[in-house]
Amino acid sequence: TTDLQDAKNKKKEAEDKIDEAKAKVDALSGETDQLSADLAYLNQLSSEQKAQYKEIAEELEAALQAKEDALDAYIQSEDNLAAKKLQYSERMSVLFEYQNKSFLEILLESDSIAGFFTNLELISLIGESDKEMVEELKAAMDDAQLKSDLAKKEAEDMQAVAAQQQADLDELESRIGKPADALEA
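Residues numbered from 1 in each chain as written. Predicted model: local features only at pLDDT ≥ 70, side-chain atom pairs only at ≥ 80, totals over all residues. Heavy atoms only, no water.

**Q** Would you explain the overall build of the protein in this entry?
**A** In terms of regular secondary structure, the protein is built from five helices and zero strands. Each helix and strand of the protein, placed in order from N terminus to C terminus, yields the pattern α-α-α-α-α. Out of the 185 residues in the protein, the part that is buried amounts to 29%. Taking contacts inside the protein between residues at least 6 apart in sequence as the whole, the part at least 24 apart equals 76%. (Helix = DSSP H or I, 4+ residues; strand = E, 2+ residues; numbered from the N terminus. Buried < 20%, exposed > 50% of the residue type's maximum accessible area, 1.4 Å probe, protein only. Contact = heavy atoms within 4.5 Å.)

**Q** What is the right way to look at the pattern of salt bridges in this model?
**A** Oppositely charged side chains can pair when the atoms bearing their charge come close. A full pass over the atoms with the stated rule returns eleven salt bridges. Lys24 is paired through a salt bridge with Glu173; the nearest N and O atoms lie 3.4 Å apart. Here Glu173 lies in helix 4 (residues 113-174) and Lys24 lies in helix 1 (residues 2-28), a separation of 149 residues in the sequence. For Glu173, a relative accessible area of 25% gives the class partly exposed. Connected through salt bridges with shared partners, the residues Lys11, Glu15 and Asp72 form a single ionic network. (Salt bridge = Lys/Arg side-chain N within 4 Å of Asp/Glu carboxyl O.)

**Q** Can you help me understand the nonpolar core in this one?
**A** If you look at soluble globular proteins, the nonpolar side chains tend to sit buried side by side. Among the nonpolar cores identified, the biggest contains 18 residues, and Leu42, Leu45, Tyr53, Leu60 and Leu169 are the most heavily contacted of them. Mapped onto this core, the elements with two or more residues apiece are helix 1, helix 2 (47-99) and helix 4. In terms of residue count, helix 2 provides more of this core than any other element does, six residues in total. Counting residues in hydrophobic clusters, the runner-up holds eight residues, among them Ala7, Ala70, Tyr74 and Ala151. (Core = buried A, V, L, I, M, F, W, Y, C linked by side-chain atoms within 4.5 Å.)

**Q** Would you mind showing me how to read the environment of Ala144 here?
**A** By the secondary structure assignment, Ala144 is in helix 4. What makes Ala144 buried here is its relative accessible area of 1%. Spatially, the C-alpha atom of Ala144 lies 5.4 Å from that of Ser77, the residues being 67 residues apart in sequence. If we skip the residues at most four places from it in the chain, Ala144 touches Ser77, Asn80 and Leu81.

**Q** How do you make sense of helix 1 when you look at a structure like this?
**A** Residues lying three or four places apart along an α-helix face the same way, a consequence of the helix completing one turn every 3.6 residues. Under the 1.5 Å per step criterion, the end-to-end length of helix 1 is 39 Å for 27 residues, consistent within 8% with the ideal 39 Å. Among the residues of helix 1, those classed as buried are Leu4, Ala7, Ala14, Ile18, Ala21, Lys24, Val25, Asp26, Ala27 and Leu28. Immediately beyond the C-terminal end of helix 1, within one or two residues, lies Gly30, with a positive phi of roughly 80 degrees. (Expected span 1.5 Å × (residues − 1).)

**Q** Please explain the side chain of Lys24 as it appears in this structure.
**A** Classification of Lys24 as buried rests on a relative accessible area of 12%. A polar contact of 3.4 Å, which involves the side chain of Lys24, links it to the side chain of Glu173. Among residues more than four places away in sequence, those in contact with Lys24 are Leu39, Tyr41, Leu42, Tyr53 and Glu173. (Polar contact = N/O pair within 3.5 Å; in protein donor to acceptor, adjacent residues only side chain to side chain.)

**Q** What exactly am I supposed to notice about the side chain of Lys67 here?
**A** Residue placement: Lys67 occurs in helix 2. Within the buried set, Lys67 has no salt-bridge partner at all; the shortest N-O distance to an opposite charge, 4.6 Å, is to Glu13. For Lys67, the side chain forms a polar contact with the side chain of Gln159, separated by 2.5 Å. Setting aside residues no more than four positions away along its own chain, Lys67 makes contact with Lys10, Ala14, Ala155, Met158 and Gln159. (Lys, Arg positive; Asp, Glu negative; His and termini not counted.)

**Q** Can you help me understand the confidence of the model for the protein in this one?
**A** The predicted structure's coordinates, where accompanied by low pLDDT, should not be read in detail. Chain-level pLDDT for the protein is 78 on average; 74% of the residues reach the 70-or-more range. Mean pLDDT values over the elements of the protein span from 50, in helix 5 (residues 180-183), up to 86, in helix 1. (pLDDT = per-residue confidence, 0-100.)

**Q** Even after reading the chapter, I still don't get the environment of Asn9, so can you show me in this structure?
**A** Mapped onto the elements of the fold, Asn9 is located in helix 1. Along the sequence, Asn9 and Leu71 sit 62 residues apart, while their C-alpha atoms lie 9.9 Å from each other.

Pasting the structure below:
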């Protein structure tokens, strides 16, 4: 579905942004000996700015990771839901087929009167078993739908958190090279 493809695209996007945030955290943690050209501006931060920037970048990375995990759960739940729907429709068609057999059809398919009653009993047992299976599948579908909805909501919530952290980082970056008192503004 469109939603599922959208979730897969967002997951890839989150992975890329996690890498970006991690690179900034690593650079500010001194885990990168030489800053790449695109991160060189971090050298212009004061030590207070660096600490603040690192903290926000870590929060951003955590939010994006939570978003990616939620999208993973959403994708898994949607796959599970699709599988359950397929199982459900297959069992319903089998159940429908058995329920619509007439006594005459069952009699004609039987080798003897004893076979007829055996077949009737088997069809009855299969019908009961199918009804239970259909109920179990319906419960599993409801569960998969609930998990899918919750995971999608979690991904959206984490995106909102990540967007706020990114806005905070953008704000800090806009102040690079300005006097320290400008930071308090």
